[in-house]
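Below, each chain spelled out in residue letters.
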Amino acid sequence: MFGLRRSNGSRLYLRLAQVWVSMKVVSASDSSLLIVLGDVTSLDNHERVMSLFRALHRLNDPRIRNLHPAYASVLIDFDPLRLSHEEAASLVENLAGEKSSQHDLAANIVTIPVCYDIEFGPDLQEVANHAKIPMREVIRLHSSATYRVHFLGFTPGFAYLGGLPETLHVPRLATPRKHVPAGSVAIAGSQAGIYPVDSPGGWRLIGRTPVRIFDPDATQPTRLNPGDLVEFSEIDRATFDATDR
Amino acid sequence: MAIRVQDPGLLTTVQDLGRYGYSHLGMSPGGAADSLAMRIANLLVGNAENAATLEMTLTGARLEFDEESVVALTGGECDCRINGDTAPMWQAMRVPARGILACGGVKTGARSYLAIQGGLDAQPIMGSASTNIAGHFGGFEGRGLRKGDLFGVRKGANSRVSTLKPKAVDRLYSREPLRVTRGAQHDWFGVEAFGKLLSCPYTVSEQSNRSGLRLRGESISPRVRSQLLTEGVSLGAIQVPRDEQPIILFVDQQTTGGYPKIANVISADLYRVGQLRPREQVRFIEVAIPDAIQLLREQEEWLKEIFRC
């Protein structure tokens, strides 16, 4: 036991993603623990998060209500009348003993078709101006990178994608749009994303996918899931229009 | 059996106890903002406590029932009438066939709950019938009710109504400070900032909803001014954005966030957050986590003991 008596701020050492890492266990509320695995966005931290998240998810413990993976942490929300903070911390500690399997680290690769028509990408020109490259080069760069789903948040199904080429790092809009259509492909700062549902949004819109990103009635409601690898492939307007949605 | 919406009120949504197990896909738990009132409404008409109910915000709905129904209205006090006659809250009552139930304005608190024997016929999506407004799904077509909407009610075969003991809910909505535990980034704030949160009154802003309650009052300055890496947020977290005015994150909150959390409303007091009105004053008091869990345990015991037999 690694000082689990004091759950706030105690440190444990866990074997995650084949390496031993230091982690901080914080009682975020009377029904949750925040497991902090690092303080930067990095591939190492992402793999640690995914390793812990997948192991916890696989437990399928009815006392655990929700798991919130993020850049370098996992928030565990549980029923405090059935699971104590100490027991929850022990669960995390016990998972450390399990060796991460290849299965844990294997990523699903998802290809998303994107139409970069100017109607769908009203910010393409501004992104090109900001990056001082032609619009065509924005499209080429965006559709040639491989992205990683760090986590989902903001709205149902919204995946935060890391891996945007540095040339395309542009600040978000000063004033968010009140209405961004579902399927809009967007970038902001070092991140890329796709708006899964009609929502407000402050990211720069550069295209749109005809693929349904969020389908609440499907067995797997989100097209992108934590840990997935994502690639964008360009389609023309005719293909977009012909795609049955 | 069907119910027609004659007037939806300000915002009336279908809610049960919420959607769990999907926050890693960006799904907030949702569910009744005042889950205690909602559970009592269901128990009064003999429903399972998780049956789908209507949550009405500030202004109640006017509904027409095609068949005789047994209903119960709980939560914020409203001027409830059946075919024009005053009808009591916190007890099961009969609405005759072709009857009109008008819930009127919510006079104290912010939300009232209507349970109908059998439960609303809403398809569970990801394990819950709750309306997810941001995702446009769940409840009734993923949105608040509109005039003319027609929804079904499940048959409540042999459901037995219950009654509350006298004065059982008299002290449910106390004006006492909301109890909080320390938040995930409590140490980013000094003693002075935390002291302010605990000693100064805050006013609930008009820009408050089921996602979060914006508070106005003394500013809370963090001691540490660094950028927080976006992380998961817990229900009832009190986050402090750059304008230093606290926000209580609530049932429809985003699942992740990048602002430091100074405190967290305890589970046993979340139902009271659901009854805070715009312009209402709120105060906070700190409790330790074991005490917060004990208070939740006592609340669950209390809920079992307030019914006659």
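Cut-offs and rules
Residues numbered from 1 in each chain as written. Chains lettered and ligands numbered in written order. Predicted model: local features only at pLDDT ≥ 70, side-chain atom pairs only at ≥ 80, totals over all residues. Helix = DSSP H or I, 4+ residues; strand = E, 2+ residues; numbered from the N terminus. Buried ≥ 20, exposed ≤ 12 C-beta atoms within 10 Å, placed from the backbone. Rg over C-alpha atoms; globule rule 2.2 N^0.38 Å. Contact = placed C-beta atoms within 7 Å. Domains from an automatic or database assignment. Nonpolar A, V, L, I, M, F, W, Y, C, P; charged D, E, K, R; others polar. Pairing = 2+ DSSP bridges. Axes fitted to C-alpha atoms, helices over the stretch in contact; angles between N-to-C directions. Core = buried A, V, L, I, M, F, W, Y, C linked by C-beta atoms within 7 Å. Expected span 1.5 Å × (residues − 1). pLDDT = per-residue confidence, 0-100.

Draft legend 1. Region of interest: the overall build of chain A. Helix and strand content of chain A: 6 helices and 14 strands. Split into buried and exposed, the 245 residues of chain A put 46% on the buried side.

Draft legend 2. Here's a closer look at the overall build of chain B. Across its full length, chain B holds 4 helices and 21 strands. Taken over the C-alpha trace, chain B has a radius of gyration of 20 Å; the compact-globule value for 309 residues is 19 Å, and the two agree within 12%. Overall, the C-alpha framework of chain B stretches about 60 × 40 × 30 Å when taken along its three principal axes. Within chain B, the proportion of its 309 residues that are buried is 52%. Pairs at least 24 residues apart make up 76% of the contacts formed inside chain B by residues separated by at least 6 positions.

Draft legend 3. Representation of the domain arrangement of chain B. All names here are of chain B. Along its sequence, chain B is organised into domain 1 (2–152) and domain 2 (178–305). The straight-line distance from the C-alpha centre of domain 1 to that of domain 2 is 27 Å. Residue-level contacts link 19 residues of domain 1 with 14 residues of domain 2. Elements supplying a minimum of two residues to the side of domain 1 that touches domain 2: helix H1 (35–44) and strand S10 (106–116). No other element matches the 4 residues that H1 contributes to the side of domain 1 that touches domain 2. Across the side of domain 1 that touches domain 2, the residue classes tally to 7 nonpolar, 9 polar and 3 charged.

Draft legend 4. Spatial organisation of the interface of chain B and chain A. Between chain B and chain A, the residue contacts involve 37 residues of the former and 42 residues of the latter. Of all the secondary-structure elements, those providing two or more residues to the side of chain B that touches chain A are strand S15 (231–232) and helix H4 (289–305) of chain B. Per element, the largest residue contribution to the side of chain B that touches chain A is 6 residues, and it comes from H4 of chain B. For the side of chain B that touches chain A, the class distribution of residues is 16 nonpolar, 18 polar and 3 charged.

Draft legend 5. Looking closely at the sheet that holds strand S1 (residues 2–7) of chain B. Sheet architecture is open: 6 strands sit in the order S7-S6-S9-S4-S1-S11 (chain B), paired in antiparallel fashion. Two strands close off the open sheet at either side, each with one partner strand: strand S7 (85–86) and strand S11 (150–152) of chain B.

Draft legend 6. Summary view of H1 of chain B. Residues and elements named next belong to chain B. Counting buried positions along H1 gives 10 out of 10 residues, so the element sits mostly inside the fold. Taken residue by residue, H1 has Ser-35, Leu-36, Ala-37, Met-38, Arg-39, Ile-40, Ala-41, Asn-42, Leu-43 and Leu-44 as its buried positions. Here the buried face of H1 lies against strand S2 (11–15), strand S3 (53–57), strand S5 (69–78), S10, helix H3 (270–273) and H4.

Draft legend 7. Inspection of the sheet that holds strand S16 (residues 237–239) of chain B at higher detail. Residue and element names in this part refer to chain B. Spatially, the 8 strands line up as an open sheet ordered S20-S13-S14-S17-S16-S19-S12-S21, and their pairing is mixed. Among the strands making up the open sheet, the edge pair consists of strand S20 (281–282) and strand S21 (284–286). Two elements, S16 and strand S17 (residues 247–249), share 2 bridges in a ladder whose sense is antiparallel. Along S17, the bridge assignment pairs Ile-238 with Ile-248. The sheet contacts of helix H2 (residues 191–199) involve strand S19 (261–265) and S21, and relative to S21 the element is tilted by about 125°.

Draft legend 8. A look at the domain arrangement of chain A. Residue and element names in this part refer to chain A. For chain A, the domain assignment lists domain 1 (10–105) and domain 2 (109–242). Between domain 1 and domain 2, the C-alpha centre-to-centre distance is 29 Å. When residues in the side of domain 1 that touches domain 2 are grouped by element, the largest group, 3 residues, is from helix H1 (residues 43–59).

Draft legend 9. Structural context of the nonpolar core. Counting 80 residues, the largest nonpolar core has Ala-41, Val-71, Cys-103, Leu-114, Ala-115 and Ile-248 of chain B as its most contacted members. No other element matches H1 of chain B, which puts 7 residues into this core. Mapping this core onto the domain boundaries places at least three of its residues in each of domain 1 (2–152) and domain 2 (178–305) of chain B. Here Cys-103 of chain B is in contact with Gly-9, Met-56, Gly-60, Ala-61, Leu-73, Cys-78, Cys-80, Ser-112 and Leu-114 of chain B, once residues within four sequence places are set aside. Counting 70 residues, the second largest nonpolar core, distinct from the first, contains Val-74, Ala-89, Phe-154 and Tyr-160 of chain A.

Draft legend 10. Region of the structure containing the pairing of S5 of chain B. All names here are of chain B. Most of S5 is tucked away: 8 of the 10 residues are buried. Inspection of the sheet shows S5 paired to strand S8 (residues 93–95) by 3 bridges, in the antiparallel sense. Bridge assignment links Ser-69 to a residue of S8, and that residue is Val-95. Taken together, the 7 bridges between S5 and S10 define a ladder with antiparallel strand orientation. What sits directly across from Cys-78, in S10, is Val-106.

Draft legend 11. Summary view of H1 of chain A. All names here are of chain A. For H1, built from 17 residues, the straight-helix expectation of 24 Å at 1.5 Å per residue is met to within 8% by its first-to-last C-alpha distance of 24 Å. The element H1 is largely enclosed, with a buried count of 12 among its 17 residues. Considered for burial, the residues of H1 that qualify are Asn-45, His-46, Glu-47, Arg-48, Val-49, Met-50, Ser-51, Leu-52, Phe-53, Arg-54, Ala-55 and Leu-56. Just downstream of H1 lies Asn-60, where phi reads positive at about 50°.

Draft legend 12. Structural detail: the confidence of the model for chain B. With 99% of its residues at a pLDDT of at least 70, chain B reaches an overall mean of 96. Interface confidence in the predicted complex, given as ipTM, is 0.96; pTM for the same model is 0.94.

Draft legend 13. A look at the confidence of the model for chain A. The predicted model of chain A has a mean per-residue pLDDT of 90, with 87% of residues at 70 or higher. Within the model, pLDDT remains below 50 along residues 1–8 of chain A, and this stretch shows 16 contacts once partners closer than five positions in the same chain are excluded.

Draft legend 14. A look at unusual backbone geometry. Residue and element names in this part refer to chain B. Even without being glycine, Leu-58 reaches a positive phi, approximately 60°. Tracing the backbone shows Leu-58 in the loop between S3 and strand S4 (62–65). The class for Leu-58 is partly exposed, based on 18 C-beta atoms found within 10 Å. In the Ramachandran plot, His-136 falls in the positive-phi region, its phi being about 55° despite a non-glycine side chain.

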